[in-house]
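Structure assessment
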Amino acid sequence: MLEVKKFSGKCQEILSLADVYMRSYNELSKGYKSPAEMKLYTKGSFIRKLKNWANKQKDGQEPFIFVLHNDNKPIGFIRLNPLPESYRHYDKNLTSQEYEGGELDGWRIARYRKVHYTSRPQFDDNALILNQIYMAPEVQKQGYGSYFINQVAQKMRQKGFDQFVVEYNDHNLNGKKFHEDVLCAQKIAETDDFDHITVTKNKNAALCISPVTIGLSRFSDLIENIATKQKIFAAKGNMPRV
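First, a word on what this report is: a plain description of the structure on this page. (Residues numbered from 1 in each chain as written. Predicted model: local features only at pLDDT ≥ 70, side-chain atom pairs only at ≥ 80, totals over all residues. Heavy atoms only, no water.)

All right, on to helix 1 (residues 11-29) then. For helix 1, spanning 19 residues, the distance from its first C-alpha to its last is 26 Å, which sits close to the expected 27 Å at 1.5 Å a residue. Residues of helix 1 that are buried: E13, I14, L17, A18, V20, Y21, M22, S24, Y25 and S29. (Helix = DSSP H or I, 4+ residues; strand = E, 2+ residues; numbered from the N terminus. Expected span 1.5 Å × (residues − 1). Buried < 20%, exposed > 50% of the residue type's maximum accessible area, 1.4 Å probe, protein only.)

Within the secondary structure, L94 sits in the loop between strand 3 (73-82) and strand 4 (95-104). With relative accessibility at 17%, the residue L94 sits in the buried group. In this structure the C-alpha to C-alpha distance between L94 and Y117, which are 23 residues apart in sequence, comes to 5.3 Å. Excluding its chain neighbours within four sequence positions, the residues that come into contact with L94 are V115, H116, Y117, T118, S119 and R120. (Contact = heavy atoms within 4.5 Å.)

Here we take up the side chain of T191. Relative to the helices and strands, T191 is located in strand 8 (residues 186-199). At a separation of 2.7 Å, a polar atom in the side chain of T191 contacts the main-chain carbonyl oxygen of K114. Once residues lying within four places of it in the same chain are set aside, the contact partners of T191 are R113, K114, V115, S210, P211, V212 and I214. (Polar contact = N/O pair within 3.5 Å; in protein donor to acceptor, adjacent residues only side chain to side chain.)

Burial analysis of strand 7 (residues 163-169) places six of its seven residues in the buried class, which makes it a mostly covered element. The pairing of strand 6 (residues 128-135) with strand 7 spans three bridges and is classified as parallel. Within the sheet, the bridge partner assigned to L130 lies in strand 7 and is V166. The parallel pair strand 6 and strand 7 is bridged by helix 4 (residues 144-158), and the resulting crossover is right-handed. (Pairing = 2+ DSSP bridges. Right-handed = clockwise from strand over helix to strand, strands pointing away.)

A word on the environment of D19. Structurally, D19 can be placed in helix 1. A distance of 3.0 Å separates polar atoms of two side chains, one belonging to D19 and the other to R23.

A complete count under the given rule lists twelve aromatic pairs for this structure. A ring pair is formed by W53 and F77, whose centres lie 5.9 Å apart and whose planes are at 55°; its orientation type is tilted. Of the two residues, W53 sits in helix 3 (residues 43-58) while F77 sits in strand 3, which places them 24 residues apart along the sequence. By relative accessible area, F77 is classed as buried at 1%. Put simply, the rings of Y21, Y25, F46, W53, F77 and Y134 touch in pairs and so form one group of aromatic residues. (Phe/Tyr/Trp six-rings, centres within 6.5 Å; stacked < 30°, edge-to-face > 60°.)

Our focus in this paragraph is the pairing of strand 3. By the criterion of burial, strand 3 is predominantly enclosed, with eight of the ten residues buried. Relative to strand 3, strand 2 (residues 64-70) is paired through seven bridges, and the arrangement is antiparallel. What sits directly across from F66, in strand 3, is I78. Pairing of strand 3 with strand 6, which is carried by seven bridges, proceeds in the antiparallel orientation. The residue bridging L80 from the neighbouring strand is L130, located in strand 6.

Once that is clear, we can look at the nonpolar core. In this structure, L80, I149 and M156 are the most contacted members of the largest nonpolar core, which totals 30 residues. Of all the secondary structure elements, the ones that give two or more residues to this core are strand 2, strand 3, strand 6, helix 4, strand 7 and helix 6 (219-235). Per-element accounting of this core gives the leading share, six residues, to helix 4. Counting 17 residues, the second-largest nonpolar core is a separate cluster that includes I14, M22, Y25 and I65. (Core = buried A, V, L, I, M, F, W, Y, C linked by side-chain atoms within 4.5 Å.)

See the structure below:
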């Protein structure tokens, strides 16, 4: 039985989700990242992320983390947050910048990330950012992801939210297709993002940065889009497994 639950932050759920997170991330990344790069993403690194979110959730800093369970087993998660204020402030050249600081791959980092808008975006006062959506590889492309995001979208609409922003790596073609075809994301900006940090032969830190697209969508459009797709599948007698 499928159930959408709020992230509990309990140890067992963190361990199970870390496994889903790692395997899903590896599956999405294997088409454009080298084996050496993939070795940097250990299960421990995903456990640390989830523990950090659990601690922040206790302080009210991670308000929306949902987990999809299949027979009480976590098979995916979605994480949303209020849209950072930096997205709303851009100059006459439609460029904004956001300070990024913290730890990455064991290194302390600090930089200003620049965002280049293609037009002047109009954000709702309570707009959100969809930070992550990951599904276990064995349930991908079977309708589970669409089911999950549809359930979460309806919950967020009930809470009074509609508009949300997404960011996706341009090299991740499967992710790009999902964000545009299922989430109805319309491109509004371009930026870049840290992937990881490697150490050169001279023991210097090298930043690996990837191009990123920023898209804008609405839960109402997403819900309507999924309903339309389901009608088409039903008409063809080819409904997804979910």
